[in-house]
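One-letter residues, chain by chain:
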Amino acid sequence: MKKKLFSMLLVFALVVASVMTIVACTPNNGNDSIDDIIAQGQKMTTEQLLEKAKAETGVFTAYGTSSRIADAMISFIDKYGKDLGIDNDTSKGVKKNDSDAYTLLAAEYASKQNKGASMVMVQDGAQLILYREESEMLKNYVPSTLEGIPDGELVPLVHQYINKLFIWNKTGSGADIKVTNVWQVVDDEFMGSKQLFFKNPKTEQVNKNFLIMLTSDAWAKKLADSYKALYNKDIVLDNDCPNAGYQWVKKFLTKANFSYDGDSKIAAGLEKPENAGNMGLFVLSKLRDAQDVNNFQVAAWQNVPQGKTVAVEPFAGFMYPMYCQITTKAPRPYTAMLFINYLMEEEGFAAWGDSWGAYSTNSNIQVNDGDKPLSFWRDTLVIEDASYIKTSVGTVGQFIDTIIAGK
């Protein structure tokens, strides 16, 4: 079961095993290994990195799971391009989903050519852990200019958090909806004929990771407690549900509508008049494309009920990190470090910071007007724990797939 789920990673491990000894010691700049280069770079100021990066040649490519990596690269080139000898024709920020990014990075890692990406922004921390454990393909870098980032977000370096929230169309019949407990959104009586849109977890790993997190002991207890608070009785579990987390996941997946294959499409579709009163669990930043954000109600932003500390118990959605990594065979490692410095600063983060739903781990970067700070979301959402997901993805992932197959 677990072998099937990790087949891609296991094949990758076999591929890299044959080249690891050679590649891990491959020089990237003169006689220095990538480890030496990063060790030196982590002691440098941005100005010192720039001087080193000026000596590098060739294209500079970065992959990212966010389309905004392209915008960030354009602004980076506007600032540093002339000094670095790069322009918008030769250097790109390219959007790749995690699966495609890792496949391409693995091929570049095994290649004798040294012409691939120099850095990457990825999500799905559990998969990243496996790649970092099974190969030398990716390297961590922490800018010397950073302060105040929690130790747990330094290795691998977390660039930002992204949230997916319960949001509904509050026009028409949606005006009277008030969600104070997550068991309501899977309750047939409360939901009635309302639709609950969610991108299929089989095609969106962070969505599956969220559901896996709910089966942990801590979240299962919170769900059991919130069930009792809503219904004034203890939860009774189905035979295939070891705890309340599994039970909520089962009911949620049974209820969820997977007809939209992306969060942007959920946001756009949900705003249509025929979807008044319907809700979704999707990326908050997708509301930037809404015709009128006043058509939507974000569950987490409701008034907090008297005597409670949050608007929705025990969570109003989930949040996951996006990581920055340098590739072992980076053609331009100093440029990659300079780019990461830029991304971690307000100017570079502006590619994401012009709308709700993206939260830099640099505490000096404020959220967009109308949004809530990262500290608010830490107390309100399920946060991805890569270590738990890594150990549970086999059993819980199969449970999720089975429920989906039975819909």
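Note that the structure is a prediction, hence the values are computed from the model and not measured. (Residues numbered from 1 in each chain as written. Predicted model: local features only at pLDDT ≥ 70, side-chain atom pairs only at ≥ 80, totals over all residues. Heavy atoms only, no water.)

Student: Lay out the overall build of the chain with the relevant residues and their values.
Tutor: The helix and strand tally for the chain stands at 17 helices and 13 strands. For 407 residues, the compact-globule formula gives about 22 Å, and the C-alpha radius of gyration of the chain, at 22 Å, lands near that figure. With respect to the three principal axes, the spread of C-alpha positions in the chain is 70 × 45 × 35 Å. Across the chain, contacts joining residues at least 24 apart in sequence account for 79% of those joining residues at least 6 apart. If you sum the accessible surface of the chain, you get close to 17800 Å²; carbon and sulfur atoms cover 49% of it. (Helix = DSSP H or I, 4+ residues; strand = E, 2+ residues; numbered from the N terminus. Rg over C-alpha atoms; globule rule 2.2 N^0.38 Å. Contact = heavy atoms within 4.5 Å. Areas by Shrake-Rupley, 256 points an atom, 1.4 Å probe, with all protein chains shown as cover.)

Student: So, the packing of helix α5 (residues 46-54) against helix α6 (residues 68-84): which residues are in play, and what are the values?
Tutor: Two numbers describe how α5 lies on α6: the axes approach to 9 Å, and their chain directions differ by 45°. Comparing their axes, α6 and α5 come out oblique. Listed contacts from α6 to Thr 46, Leu 50, Ala 53 and Lys 54 of α5 are Tyr 80, Asp 83 and Leu 84. Here the contact of α5 with α6 is composed, by residue class, of 4 nonpolar, 1 polar and 2 charged. (Axes fitted to C-alpha atoms, helices over the stretch in contact; angles between N-to-C directions. Parallel < 35°, antiparallel > 145°, perpendicular 65-115°, else oblique. Nonpolar A, V, L, I, M, F, W, Y, C, P; charged D, E, K, R; others polar.)

Student: Hey, could you go over the nonpolar core for me, with residue numbers and the actual values?
Tutor: Counting 125 residues, the largest nonpolar core has Trp 248 and Phe 339 as the members making the most contacts within it. What Trp 248 contacts, discounting residues up to four positions off in sequence, is Phe 166, Val 182, Trp 183, Val 185, Val 186, Phe 210, Leu 211, Leu 214, Leu 223 and Phe 315. (Core = buried A, V, L, I, M, F, W, Y, C linked by side-chain atoms within 4.5 Å. Buried < 20%, exposed > 50% of the residue type's maximum accessible area, 1.4 Å probe, protein only.)

Student: Requested: an account of helix α11 (residues 217-231), with residues and values cited.
Tutor: Its 15 residues place the ends of α11 21 Å apart at the C-alpha level, agreeing with the 21 Å of an ideal helix rising 1.5 Å per residue. Regarding α11, the residues found buried are Trp 219, Ala 220, Leu 223, Ser 226 and Tyr 227. Along the long axis of α11, the arc covered by the buried residues comes to 130°, so they all point the same way. Those residues of α11 that are exposed and aimed more than 90 degrees away from the buried face are Asp 217, Lys 221 and Ala 229. Packing partners of the buried residues in α11 comprise α10 (205-213), α12 (244-255) and β13 (382-383). (Expected span 1.5 Å × (residues − 1). Arc of directions from axis to C-beta.)

Student: How would you sum up the packing of α6 against helix α15 (residues 346-353)? Please name residues and give values.
Tutor: It is at 8 Å that the axes of α6 and α15 come closest, and there the two elements cross at 150°. Of the possible angle classes, the one that applies to α6 and α15 is roughly antiparallel. The hand of the α6/α15 crossing is right-handed. Of the residues in α15, those touching α6 at Arg 68, Ile 69, Asp 71, Ala 72 and Lys 79 are Glu 347, Gly 348, Ala 351 and Trp 352. (Left-handed = near helix turned anticlockwise from the far one by under 90°.)

Student: Which residues make up the packing of aromatic side chains, and what values go with them?
Tutor: Remark: the centre distance and the inter-plane angle together describe each pair of aromatic rings, the angle taken between the planes. Applying the stated criterion across every chain, the model contains 24 aromatic pairs. Note on Tyr 102 and Tyr 131: the rings are 4.2 Å apart at their centroids and 5° apart in plane angle, and the pair reads as stacked. With a gap of 29 residues between them, Tyr 102 in helix α7 (residues 98-110) and Tyr 131 in helix α8 (residues 125-134) connect regions that are remote in the sequence. Here the two residues Tyr 102 and Tyr 131 agree in accessibility, since each one is buried. Taking 4.7 Å as the distance between ring centres and 50° as the angle between the ring planes, the aromatic pair formed by Tyr 227 and Tyr 231 counts as tilted. (Phe/Tyr/Trp six-rings, centres within 6.5 Å; stacked < 30°, edge-to-face > 60°.)

Student: Give me α15: which residues, what numbers.
Tutor: Every buried residue belonging to α15 is among Gly 348, Phe 349, Ala 351 and Trp 352, and all of these are buried. Buried residues along α15 cover an arc of 125° about the axis, so they all sit on one side. Contact partners of the buried residues in α15: α6, β5 (119-122), β7 (157-169), α14 (333-343) and β12 (358-360).

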